[in-house]
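Summary of the model geometry
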Amino acid sequence: MLDQQNRQKFLAHLAKQFGRDQVRTEVVGSYPKVNQYPETRLTELDIDQRCAQFIDTSINVAGVDCQLTSIKQLKESFLQLCEKYAEGQNNIIFTDDVRLHQYGLIEAATSQYTTYTWSPEKGDESRNFAATARIGVAFAEYGLTESGGVVLYSSAQNGRSVSLLPEVSIIVLEKSKILPRVAQLAEILHIKAQHGERMPSCINIISGPSSTADIELVKVVGVHGPIKQVYLVIDDVE
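A short tour of the structure in this document, coming up. Note that the coordinates shown come from a computational prediction; the quantities given were computed from them, not determined experimentally. (Residues numbered from 1 in each chain as written. Predicted model: local features only at pLDDT ≥ 70, side-chain atom pairs only at ≥ 80, totals over all residues. Heavy atoms only, no water.)

A separate point is the sheet that holds strand β6 (residues 149-154). Pairing is mixed in the open sheet, where four strands are placed in the order β8-β5-β6-β9. Looking along the sheet, the strands with just one partner apiece sit at the ends: β8 (178-179) and β9 (202-206). As paired elements, β6 and β9 share five bridges and run antiparallel to each other. From the neighbouring strand, valine 150 faces β9, where its bridge partner is isoleucine 206. (Pairing = 2+ DSSP bridges. Helix = DSSP H or I, 4+ residues; strand = E, 2+ residues; numbered from the N terminus.)

In C-alpha cells, the structure reads:
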C-alpha cells in the first residue's frame with residue numbers, strides 16, 4: 001500500500017511539472033494498427049520458399065554455415081561437418097535429445113570421436129565436458145525465416161551449456177519446423193500455456209555465432225560463446 005501511495009505521489013509531482021492537473025490512469029485516444037505485418041510477414045511463403053530464405057538469411061546475415069541435407073545423407077553430412085570443424089580435437093558433446101538418437105547422429109559420431117551425452121544426474125561433469133569440448137550438438141525446435149535464427153528449448157536433458165560452451169555449435173533442424181518469424185513462435189507458446197503444458201525452463205533464440213558491434217560499430221565475432229555456428233537442416237518433407 002505504501003509503495004502505491006509513493007508511486008502516485010511521484011507521478012502527481014511529474015504531472016504538475018508538465019502542467020497537468022492529474023495523473024492519467026487510462027489510455028487516451030485510439031491507436032489503430034497501420035498493418036498486420038507482425039502476424040502476416042512471410043506467411044505467404046510455402047515451406048520450400050521459407051527454407052530457401054532461411055538458409056540465405058542465416059548465411060548472409062547471421063554468418064552461419066547452413067546446409068540442407070536429405071534424411072538418407074544425414075549421417076554422412078553430419079560427419080563431414082564434424083571433420084570440417086573438429087580441427088584435430090575429438091571431443092563432441094550432445095544434448096540427450098531423443099531425435100539425435102532417432103536419426104542416429106550420436107551413434108555415428110561415437111565411432112570416430114570422443115563423445116559425451118548431457119546428463120542431468122551428472123551436472124558438474126557434463127558442464128566440465130562441455131567447457132572443453134570442441135563441438136556441441138543440439139536439436140532445434142524451430143527455425144525463424146526472417147532472422148535466420150533457431151529456437152532451442154532448455155530442459156533437464158537439453159542443457160544450455162551444450163550450445164553455449166563449446167567453440168563450435170552444430171544445431172540440427174527439421175525443415176518442416178521452419179516458421180515465418182517470431183510471431184508464429186509466440187502463438188505456439190501461447191497455445192501451450194493455454195493448454196497447461198509444461199513450458200521449457202528457458203527458450204533460446206540464437207541467430208549466428210557470438211558477436212558484438214558495441215565498439216565503434218565494428219562487428220567482432222567470437223567475443224563469448226561459440227565462435228562458429230552451424231545449422232544442419234534435414235529435408236523431412238521431401
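The next thing to look at is the pairing of strand β7 (residues 168-174). Taking burial as the measure, the seven residues of β7 include seven buried ones, the bulk of the element. Covered by surrounding structure in β7 are Val168, Ile170, Val172 and Glu174 together with Ser169, Ile171 and Leu173, the residues of both alternating faces. Here β7 pairs with strand β12 (residues 228-235) via seven bridges, running parallel. Bridge assignment links glutamate 174 to a residue of β12, and that residue is isoleucine 234. (Buried < 20%, exposed > 50% of the residue type's maximum accessible area, 1.4 Å probe, protein only.)

Counted under the stated rule, the structure contains 12 salt bridges. Arginine 99 is paired through a salt bridge with aspartate 97; the nearest N and O atoms lie 2.8 Å apart. Take arginine 99 and aspartate 97: they sit in the same class, and that class is buried. Residue glutamate 167 pairs with arginine 134 through a salt bridge whose shortest N-O separation is 2.9 Å. With glutamate 167 in the loop between α8 (161-164) and β7 and arginine 134 in the loop between α7 (123-132) and β4 (135-139), the pair connects residues that are 33 residues apart, well separated along the chain. Residue glutamate 167 is classed as partly exposed on the basis of its relative accessible area of 33%. (Salt bridge = Lys/Arg side-chain N within 4 Å of Asp/Glu carboxyl O.)

Judged by nonpolar contacts, the single largest core of 25 residues is most densely connected at Phe78, Phe94, Leu100, Ile135, Val137 and Ile170. Breaking this core down by element, the ones donating at least two residues are α4 (74-86), β2 (91-94), α6 (105-110), β4, β7 and β12. For this core, the element with the highest residue contribution is α4, accounting for seven residues. For phenylalanine 78, the contacting residues outside a window of four places in its chain are Phe94, Leu105, Ala109, Val137, Ile170 and Leu232. Membership of the second largest hydrophobic core comes to 16 residues, among which are Ile55, Val64, Ala140 and Ile178. (Core = buried A, V, L, I, M, F, W, Y, C linked by side-chain atoms within 4.5 Å. Contact = heavy atoms within 4.5 Å.)

Evaluated as defined, the whole model comprises four aromatic pairs. Between phenylalanine 54 and tyrosine 231, the aromatic rings sit 5.7 Å apart at their centres with planes inclined by 15°, giving stacked as the arrangement. On the criterion of sequence distance, the pair formed by phenylalanine 54 in helix α3 (residues 47-60) and tyrosine 231 in strand β12 is long-range, its members being 177 residues apart. By relative accessible area, tyrosine 231 is classed as buried at 0%. Ring geometry for phenylalanine 78 against phenylalanine 94: centres 6.1 Å apart, planes inclined by 50°, an arrangement best described as tilted. Of this pair, phenylalanine 78 sits in helix α4 while phenylalanine 94 sits in strand β2, and the two are 16 residues apart along the sequence. A cation over an aromatic ring shows up here: arginine 20 above the ring of phenylalanine 18, its NZ or CZ 5.8 Å from the ring centre. (Phe/Tyr/Trp six-rings, centres within 6.5 Å; stacked < 30°, edge-to-face > 60°. Lys NZ or Arg CZ within 6 Å of the ring centre and 35° of its normal.)

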